[in-house]
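Residue strings, one per chain:
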Amino acid sequence: MPGIVLQLVSGLASPLIFLPGLVVGWFARRWWQVVLGAIAIAVQSEAEVLLIELPGAKPDWAHEPMVVIAPLAWCAAGYLLRPWYQRTSGLRSGGSIRALPVVAGMVLGAVVVGALALCVGLLYLREGQLEFHTNQFDRAAESEDYEKIFFQYVLPGLLLGQLSGGLIGRVFLRPIASSRR
């Protein structure tokens, strides 16, 4: 069971899965394109993992169907995000930007995504997978595990959370345009 959870968390947190997943979902016009895109991303991701583990890497066929869940979730999110964005941009006015929603979104996003990144890093450390999931730079090979978690998970998580939270605060709390003409 922990292997399946680790594989799911790893897939959901991997930028090599969620970035292409969101893009494929955004540009997909039909639901079956979302499924095909998720399968293509899963195959690419699994091929990359097998290349990293060379020589002698063999796929674990019992867990292979689980590999599609994370790309499918991100592709579906991108697919649902496009109509939501089009509907919201039509309802909202292009008026002035209020600072409070943006700053509140930045703070909340940094805290939430930073905490999630810390949890992912600690999960990898607990399961003994931290070395596999961190970039191995010269200095990083000598550093302590908690230092790796901070610089490779928490710090980027804080920055990405701050950026995404600010954007979400801007989109959600824009003034609604009046429907009277």
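That block above? That's the structure.
This report concerns the structure included in the present document. (Residues numbered from 1 in each chain as written. Predicted model: local features only at pLDDT ≥ 70, side-chain atom pairs only at ≥ 80, totals over all residues. Heavy atoms only, no water.)

Brief notes about a nonpolar patch on the surface
Right, so step 1: A grouping of Trp31, Trp32, Val35, Leu36, Ile39, Val43 and Leu72 is seen on the molecular surface, where their side chains present a nonpolar patch of about 690 Å² in accessible area.
Right, so step 2: A total of 6 residues in the nonpolar patch trace back to one element, the largest contributor, which is helix H3 (residues 31-52).
Right, so step 3: With respect to the helices and strands, the residue leucine 72 is situated in helix H4 (residues 69-91).
Right, so step 4: Among the residues examined, leucine 72 registers a relative accessible area of 34% and is labelled partly exposed. (Patch = residues over 30% accessible without salt bridge, like charges linked within 9 Å, V, L, I, M, F, W, Y side chains within 5 Å. Areas by Shrake-Rupley, 256 points an atom, 1.4 Å probe, with all protein chains shown as cover. Salt bridge = Lys/Arg side-chain N within 4 Å of Asp/Glu carboxyl O. Helix = DSSP H or I, 4+ residues; strand = E, 2+ residues; numbered from the N terminus. Buried < 20%, exposed > 50% of the residue type's maximum accessible area, 1.4 Å probe, protein only.)

Things to note about the environment of tyrosine 85
Right, so step 1: One can find tyrosine 85 in helix H4.
Right, so step 2: Its relative accessible area of 41% is what places tyrosine 85 among the partly exposed residues.

Focus on the nonpolar core
Right, so step 1: With 9 residues, the main nonpolar core is built from Leu6, Ala117, Val120, Leu123, Tyr124, Leu130, Ile149, Tyr153 and Val154.
Right, so step 2: Among the elements that take part in this core, helix H5 (residues 99-127) stands out by supplying 4 residues, more than any other. (Core = buried A, V, L, I, M, F, W, Y, C linked by side-chain atoms within 4.5 Å.)

Regarding the packing of aromatic side chains
The geometry of two aromatic rings is summed up by the distance between their centres and the angle between their planes.
Right, so step 1: Following the criterion strictly, the structure yields 3 aromatic pairs and no others.
Right, so step 2: Taking 5.9 Å as the distance between ring centres and 50° as the angle between the ring planes, the aromatic pair formed by tryptophan 26 and tyrosine 85 counts as tilted. With a gap of 59 residues between them, tryptophan 26 in helix H2 (residues 15-27) and tyrosine 85 in helix H4 connect regions that are remote in the sequence.
Right, so step 3: A relative accessible area of 25% means that tryptophan 26 is categorised as partly exposed. (Phe/Tyr/Trp six-rings, centres within 6.5 Å; stacked < 30°, edge-to-face > 60°.)

Things to note about the side chain of arginine 82
Right, so step 1: Assignment of secondary structure puts arginine 82 in helix H4.
Right, so step 2: For the buried arginine 82, no salt bridge exists, and the shortest N-O distance to an oppositely charged side chain is 25 Å, to glutamate 48.
Right, so step 3: Here arginine 82 is in contact with Trp26, Phe27 and Arg29, once residues within four sequence places are set aside. (Lys, Arg positive; Asp, Glu negative; His and termini not counted. Contact = heavy atoms within 4.5 Å.)

What about H3?
Note: α-helices contain 3.6 residues per turn, so residues at a spacing of three or four share the same orientation.
Right, so step 1: Here H3 spans 32 Å end to end across 22 residues, near enough to the 32 Å set by a 1.5 Å rise per residue.
Right, so step 2: Along H3, the residues that are buried comprise Val34, Gly37, Ala38, Ile41, Ala42, Ser45 and Glu46. For H3, the angular spread of buried residues about the axis comes to 165°, placing them on one side. The exposed residues of H3 that point more than 90 degrees off its buried face are Val43 and Leu51. (Expected span 1.5 Å × (residues − 1). Arc of directions from axis to C-beta.)

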